[in-house]
Amino acid sequence: ITRVSSNESTSADDINPQSPADSSPSDGGSTELTDEEARQRLGVSSGGLDRKKTIIGAIVAIVFLAIVFIRVIPQFGSYSEAITYIQDMTWEAITGLIIVTLIYLWLYGWPFVASTPGLKYKSGFIVNQSAFAVSNGVPAGGALGLGLQYAQLTSYKTTPTAATASIGATGTWSVFVTLFLPVTGVVALTVSGDAAGNYVRAAVLGVIALVVVVGLFTLILRSEKNAIRIGHVCDSIVNWCIHRFKKDKNVDVTGVIMNLRVDIVDLVKRRWHVITIAQISVSWAQFAILYAALVGVSGSAGTIPLLAAYGCWAVSQLGIMIPITPGGLGTVDAVLIGLLTSVGVDPGAATAADLVWRASSYIPQICIGLICIFYWRWDIRKHGDQTAPAAAAA
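First, a word on what this report is: a plain description of the structure on this page. (Residues numbered from 1 in each chain as written. Predicted model: local features only at pLDDT ≥ 70, side-chain atom pairs only at ≥ 80, totals over all residues. Heavy atoms only, no water.)

Moving on, we get to the overall build of the chain. Check the secondary structure of the chain and you find 15 helices and zero strands. For the chain, the computed accessible surface area is about 19000 Å², with 67% contributed by carbon and sulfur atoms. (Helix = DSSP H or I, 4+ residues; strand = E, 2+ residues; numbered from the N terminus. Areas by Shrake-Rupley, 256 points an atom, 1.4 Å probe, with all protein chains shown as cover.)

Okay, structure coming up:
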């Protein structure tokens, strides 16, 4: 799943009003950014990965994954039993799993189509799958993924302004969905009757947190004055926390908020419902893969009710917010297996379902994403005169 990077602070004087002649149906706002300004807003450059950060990130990620999969998961899961469960899957179960995975891969092409007016499905599929391969396959590859998204969107005749708006809106909605899923998961566990009393308080707190976040975002989009007020409050809180550690540094949260607002306000007003449907559909399709895997490995032993399975999966998505490994790899898996066993799933079946889910939703996307990147590069070289200049810089 895509993420929002911390935008560079840009003053209002850096944004030039767009003349009618510069208007484009795909524009995400009322101003037109240059390629350099758009890249600055996204916090990306054409310099590629920072080798030192990539190596350090890879080492940290590998060590963390080793701890999770070798030490943590075996505490409540069972790899030996998982292998037996996987080997016992029927052809019918495997066929169903393949069908659900194909539906998920098809849905994964829609988020950028929803957030980029005029973008064709083929192009949106290439953009999102390519970014997945980079962001989830390369340690500390999030910034490179954003740069790739921008280069690909502009190569498909999307203006820098519209590309920035699309990436910003898609990333913001991805964060919203990540917060939304655990809330629905807690509600699902409560409704399913599984130790409901343990989840009611968490559900209430989760709903409050989600309402606050969405409420603040709505206020930011509603008016510039609201955005400035909220930014100033955030500035004082964040910088106070930084200064408590005696760091001589200030963070311009107001600038980030204002840039985000300018970038996506018009796009969100027109297409928020389409963006929401696309993002939630992708997430729920990923759960469908897990449930198909859970049913497939459980076989005649039966499986837990749909609501309980969904609750476990949705709550586990909080692991994505821990930025140690790409895509929540390891963190989500440990939480998911632990929750499944807590609601009565056999440890071997829970481990098997997680491994099959990961293999079905992760490996194909990495492979497809790499193919999309190579295809896009080939297409750029073949039709270079028909693409936007910004693409050449990626």
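Here the focus is the packing of helix α14 (residues 347-361) against helix α15 (residues 363-382). In the contact formed by α14 and α15, the axes pass within 3 Å of each other and the chain directions differ by 10°. Here α14 is positioned roughly parallel relative to α15, judged by the angle of their axes. Contacts from R358, A359, S360 and S361 in α14 reach I363, P364 and Q365 in α15. Looking at the contact of α14 with α15 residue by residue, the class counts come to three nonpolar, three polar and one charged. (Axes fitted to C-alpha atoms, helices over the stretch in contact; angles between N-to-C directions. Parallel < 35°, antiparallel > 145°, perpendicular 65-115°, else oblique. Contact = heavy atoms within 4.5 Å. Nonpolar A, V, L, I, M, F, W, Y, C, P; charged D, E, K, R; others polar.)

Using the criterion set out here, one finds one salt bridge in the structure. A salt bridge links D333 to R358, with the shortest nitrogen-to-oxygen separation between them at 3.0 Å. With D333 in helix α13 (residues 331-342) and R358 in helix α14, this residue pair connects regions lying 25 residues apart in the sequence. Judged by relative accessible area, which is 0%, D333 ranks as buried. (Salt bridge = Lys/Arg side-chain N within 4 Å of Asp/Glu carboxyl O. Buried < 20%, exposed > 50% of the residue type's maximum accessible area, 1.4 Å probe, protein only.)

The subject of this paragraph is a nonpolar patch on the surface. On the surface, I208, V212, L216 and L219 cluster together to form a nonpolar patch covering roughly 320 Å² of accessible area. For I208, the position within the fold is in helix α9 (residues 197-222). Residue I208 is classed as partly exposed on the basis of its relative accessible area, which comes to 47%. (Patch = residues over 30% accessible without salt bridge, like charges linked within 9 Å, V, L, I, M, F, W, Y side chains within 5 Å.)

On to the environment of T84, then. If you trace the backbone, T84 turns up in helix α3 (residues 79-87). Separated by 264 residues in the primary sequence, T84 and G348 place their C-alpha atoms 8.2 Å from one another.

Two elements in contact, helix α4 (residues 91-107) and helix α11 (residues 253-298), have axes whose closest approach is 9 Å; the angle formed by their N-to-C orientations is 170°. Comparing the axis directions of α4 and α11 gives the class roughly antiparallel. For the pair formed by α4 and α11, the contact residues are A93, L97, V100, T101, Y104 and L107 on the first element and S281, V282, A285, Q286, A288, I289, A292, A293 and G296 on the second. Grouping the constituent residues of the contact of α4 with α11 by class yields eleven nonpolar, four polar and no charged.

Glancing now at the packing of aromatic side chains. Taken as a whole and assessed by the stated rule, the structure comprises 15 aromatic pairs. Between the aromatic rings of Y108 and F132, the centroid separation amounts to 5.8 Å while the plane-to-plane angle is 85°, which identifies the pairing as edge-to-face. Of this pair, Y108 sits in the loop between α4 and α5 (111-115) while F132 sits in helix α6 (residues 121-137), and the two are 24 residues apart along the sequence. Per residue, the accessibility class of Y108 equals that of F132, and both read buried. (Phe/Tyr/Trp six-rings, centres within 6.5 Å; stacked < 30°, edge-to-face > 60°.)

What follows covers the side chain of Q317. Along the polypeptide, Q317 turns up in the loop between α12 (306-316) and α13. At 3.4 Å, the side chain of Q317 forms a polar contact with the side chain of S316. The contact partners of Q317, leaving out residues within four places of it in the chain, are T178, L181, Q286, V332 and W357. (Polar contact = N/O pair within 3.5 Å; in protein donor to acceptor, adjacent residues only side chain to side chain.)

Now for unusual backbone geometry. One non-glycine residue, K157, adopts positive backbone phi at about 70°. As for its placement among the helices and strands, K157 is situated in the loop between α7 (142-155) and α8 (160-191).

Formed by 50 residues in total, the largest nonpolar core has its most connected members in I304, W313, L340 and V345. Listed by contribution, the elements that provide at least two residues to this core are α4, α8, α11, α12, α13 and α14. Element by element, the count of residues in this core is highest for α11, at ten residues. With sequence-adjacent residues up to four places away left out, L340 is seen in contact with L294, I304, C312, V345 and A350. (Core = buried A, V, L, I, M, F, W, Y, C linked by side-chain atoms within 4.5 Å.)

Purely geometric numbers; function is a separate question.
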